[in-house]
2 protein chains.
Amino acid sequence: MKSARVAEPRPYHHGDLRRALVEAGRRLLEAENGSDISLRAVAREAGVSPAAPYHHFRDKSELLDALAMEGWGRLADQMRADLAPTEPGQDRLVALGIAYVRFSRENPAIYRVMFDCSQNHEAMPSKLREEGAYRLVRDALIESGLDPSDEMGLELASTAVWCAAHGVAEMVGFREFSPLKAHLGGEEAFLRALLSRLTLFTAERESPAG
Amino acid sequence: MKSARVAEPRPYHHGDLRRALVEAGRRLLEAENGSDISLRAVAREAGVSPAAPYHHFRDKSELLDALAMEGWGRLADQMRADLAPTEPGQDRLVALGIAYVRFSRENPAIYRVMFDCSQNHEAMPSKLREEGAYRLVRDALIESGLDPSDEMGLELASTAVWCAAHGVAEMVGFREFSPLKAHLGGEEAFLRALLSRLTLFTAERESPAG
DNA sequence: AGCCAATCTTGACAACGATCAGATAAGCAC
DNA sequence: GTGCTTATCTGATCGTTGTCAAGATTGGCT
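Residues numbered from 1 in each chain as written. Chains lettered and ligands numbered in written order. Predicted model: local features only at pLDDT ≥ 70, side-chain atom pairs only at ≥ 80, totals over all residues. Heavy atoms only, no water.

(A) Just the overall build of chain A, in detail. Within chain A one finds 10 helices and zero strands. Mapped in sequence order, the helices and strands of chain A form the string α-α-α-α-α-α-α-α-α-α. A total of 210 residues make up chain A; the buried ones form 49% of that total. Counting every atom, chain A has about 10400 Å² of accessible surface; 50% of that belongs to carbon and sulfur. (Helix = DSSP H or I, 4+ residues; strand = E, 2+ residues; numbered from the N terminus. Buried < 20%, exposed > 50% of the residue type's maximum accessible area, 1.4 Å probe, protein only. Areas by Shrake-Rupley, 256 points an atom, 1.4 Å probe, with all protein chains shown as cover.)

(B) Region of interest: the packing of helix H3 (residues 60-83) of chain B against helix H4 (residues 90-106) of chain B. All names here are of chain B. Their axes nearest at 9 Å, the elements H3 and H4 cross at an angle of 135 degrees. On the basis of the axis angle, H3 is oblique to H4. Once H3 is placed against H4, the crossing between them reads as right-handed. Along its contact with H3, which presents Gly71, Arg74, Leu75, Gln78, Met79, Asp82 and Leu83, the element H4 presents Arg92, Ala95, Leu96, Ala99, Tyr100, Arg102, Phe103 and Glu106. Residue composition of the contact of H3 with H4, grouped by class: eight nonpolar, two polar and five charged. (Axes fitted to C-alpha atoms, helices over the stretch in contact; angles between N-to-C directions. Parallel < 35°, antiparallel > 145°, perpendicular 65-115°, else oblique. Left-handed = near helix turned anticlockwise from the far one by under 90°. Contact = heavy atoms within 4.5 Å. Nonpolar A, V, L, I, M, F, W, Y, C, P; charged D, E, K, R; others polar.)

(C) Summary view of the protein's contact with DNA strand D. Among the 22 residues in the neighbourhood of DNA strand D, the closest are listed as Ser49(A), His55(A), His56(A), Arg40(B) and Tyr54(B). The sugar and phosphate moieties of DNA strand D supply 60% of its atoms located within 4 Å of the protein. Within the contact set of DNA strand D, a base nitrogen lies 3.0 Å away from a side-chain nitrogen or oxygen of His55(A). Looking at the surface near DNA strand D element by element, the count peaks at three residues for helix H2 (residues 39-45) of chain B. Classifying every residue of the surface near DNA strand D by side-chain character gives 10 nonpolar, seven polar and five charged. (Near = heavy atom within 4 Å. Polar contact = N/O pair within 3.5 Å; in protein donor to acceptor, adjacent residues only side chain to side chain.)

(D) Local environment of the pattern of salt bridges. Residues and elements named next belong to chain A. Here the structure, examined in full by the defined rule, presents 26 salt bridges over all chains. Close ionic contact of Glu151 with Arg138 constitutes a salt bridge, the shortest N to O distance being 3.0 Å. In this pair, Glu151 is assigned in helix H8 (residues 151-173) and Arg138 in helix H7 (residues 133-143), connecting sequence segments 13 residues apart. What makes Arg138 buried here is its relative accessible area of 16%. Linked through salt bridges whose partners overlap, the residues forming this network are Arg26, Glu30, Glu70 and Arg74. (Salt bridge = Lys/Arg side-chain N within 4 Å of Asp/Glu carboxyl O.)

(E) Looking closely at the protein's contact with DNA strand C. Around DNA strand C sit 23 residues, and of these Arg40(A), Arg44(A), Ser49(B), His55(B) and His56(B) come closest. Near the protein, within 4 Å, the atoms of DNA strand C are sugar or phosphate in 59% of cases. Within the contact set of DNA strand C, a phosphate oxygen lies 3.0 Å away from a side-chain nitrogen or oxygen of Tyr54(A). One of the side-chain N or O atoms of His56(B) is found 2.6 Å from a phosphate oxygen in DNA strand C. For the surface near DNA strand C, the leading source of residues is helix H2 (residues 39-46) of chain A, giving three residues.

(F) Quick look at the confidence of the model for chain A. Residues and elements named next belong to chain A. Per-residue pLDDT for chain A has a mean of 80; in total, 79% of the residues score no lower than 70. Predicted confidence for residues 1-9 stays below pLDDT 50, and this span has zero contacts to residues more than four positions away or in other chains. Here residues 201-210 scores under 50 on pLDDT; set against residues more than four positions off or in separate chains, the count is 16 contacts. (pLDDT = per-residue confidence, 0-100.)

(G) Broad picture of helix H7 (residues 133-143) of chain B. For H7(B), the complete set of buried residues consists of Ala133(B), Tyr134(B), Leu136(B), Val137(B), Arg138(B), Ala140(B) and Leu141(B). Gly145(B), located one to two residues past H7(B), shows a positive phi value of around 120 degrees.

(H) Broad picture of the packing of helix H1 (residues 17-31) of chain B against H3(B). Residues and elements named next belong to chain B. Axis separation between H1 and H3 bottoms out at 10 Å; the angle between their running directions is 75 degrees. For the element pair H1 / H3, the angle class is roughly perpendicular. Between H1 and H3, the residues in contact are Arg18, Val22, Gly25, Arg26, Leu29 and Glu30 and Ala66, Leu67, Glu70 and Arg74, respectively. In terms of residue class, the contact of H1 with H3 is built from four nonpolar, one polar and five charged.

(I) Quick look at the packing of aromatic side chains. In the structure shown here, the tally under the stated rule is six aromatic pairs over all chains. Centre to centre, the rings of Tyr100(A) and Trp162(A) are 5.5 Å apart; their planes meet at 55 degrees, and the pair counts as tilted. Pair noted here: Tyr100(A) is in helix H4 (residues 90-106) and Trp162(A) is in helix H8, with a separation of 62 residues, a long-range link. According to the relative accessible area criterion, Trp162(A) is buried, its value standing at 3%. Ring geometry for Tyr100(B) and Tyr111(B): centres 6.0 Å apart, planes at 80 degrees, overall edge-to-face. With Tyr100(B) in helix H4 and Tyr111(B) in helix H5 (residues 108-120), this residue pair connects regions lying 11 residues apart in the sequence. (Phe/Tyr/Trp six-rings, centres within 6.5 Å; stacked < 30°, edge-to-face > 60°.)

Structure representation (structure tokens):
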């Protein structure tokens, strides 16, 4: 049958277009500096008519959602990779934060899409919580000594870490902040110190705060 | 002169259109929930043709820049107001952070425009640094005991505070984080604890870190 | 008065998101 | 194979957007 899927004169697509579109979108996001991707450009990149995506995504925003999801997955992968060589304890938390900031730095457009999408949908998909980056932070916190049964304490601590990492990641976009602007080394040292303190903070916070 | 500016049959505008456009933009940003304002809509709101803004702003992005600047000004005003009733010391820093988060919560669209613009221009205008919100943080840090002559320490501390406040502000957009999602009281308490720790961190950081 | 430069409008362009009817392909009945 | 159904993709189209060039209008200056 269609064994010569490549040799055909591009009549209809008929492969896994959905995936093809997501990959095309990723390619465009990596190429351009701005994160304002155009639905039509994605279709063009995938070699499809401007209306084709609408059979796989209800909206442009749904395409962006898919791109964001792919980004979250890649972030989690990178976090896991950066986590592997570390030993359990506080260092893991710092490694996670640094991985987060580095991801936001190396993939700024995708990072922005990820964040904007999550913000519009007032709730990150549960998949992210259960097996994604958020879960990694939570696990690292438990490993570093937090009481696994203290649900509220865990939430508080994860949020604190997340806030710090995200705050630094966004501030790196600003070139104004001199502690961050020099080079990645500076950012790393800064984030390391900040995250260490915050972990301390969350650990102490378990007991009733004065 | 044209004392009857209101009674005229709206032939040509000829007032301070630049300001009128910024105000129209602010009105739209406050009305809509999304921050994707349309140049034409702003012109429409100001009662002007779609091309009129181009005599006052080179770009759409320059209009957004002006809107962002206005936002930064209002943020600084609110910070100053929230600062007034507090006494010098650590509380001031917390008050500043809380004011920041509250502003991002009460004016989400403007807040997003402010931040996006600052991020694209890789450097916030110097006005912001010298007399804006950033300066307020810096002053509060000095008041709370930091060495005014230690330029690097001040930069580091301000950045840390800024990162924390911004991180919390952005996370509030996520409804997923339970420590923040309940109500403003929760956010305030959380941010207060976080900022207190960070101030401690920055104060200690003055001495050589081990 | 007359002219200048600033200001605003009109009209147009390409690109965008979105929708629709219709062409095309694949799968399954027989 | 023929015929039908369904999923997929195209083409044309609509309303809107950012932007520009050319012309109309205005206030200020001499």
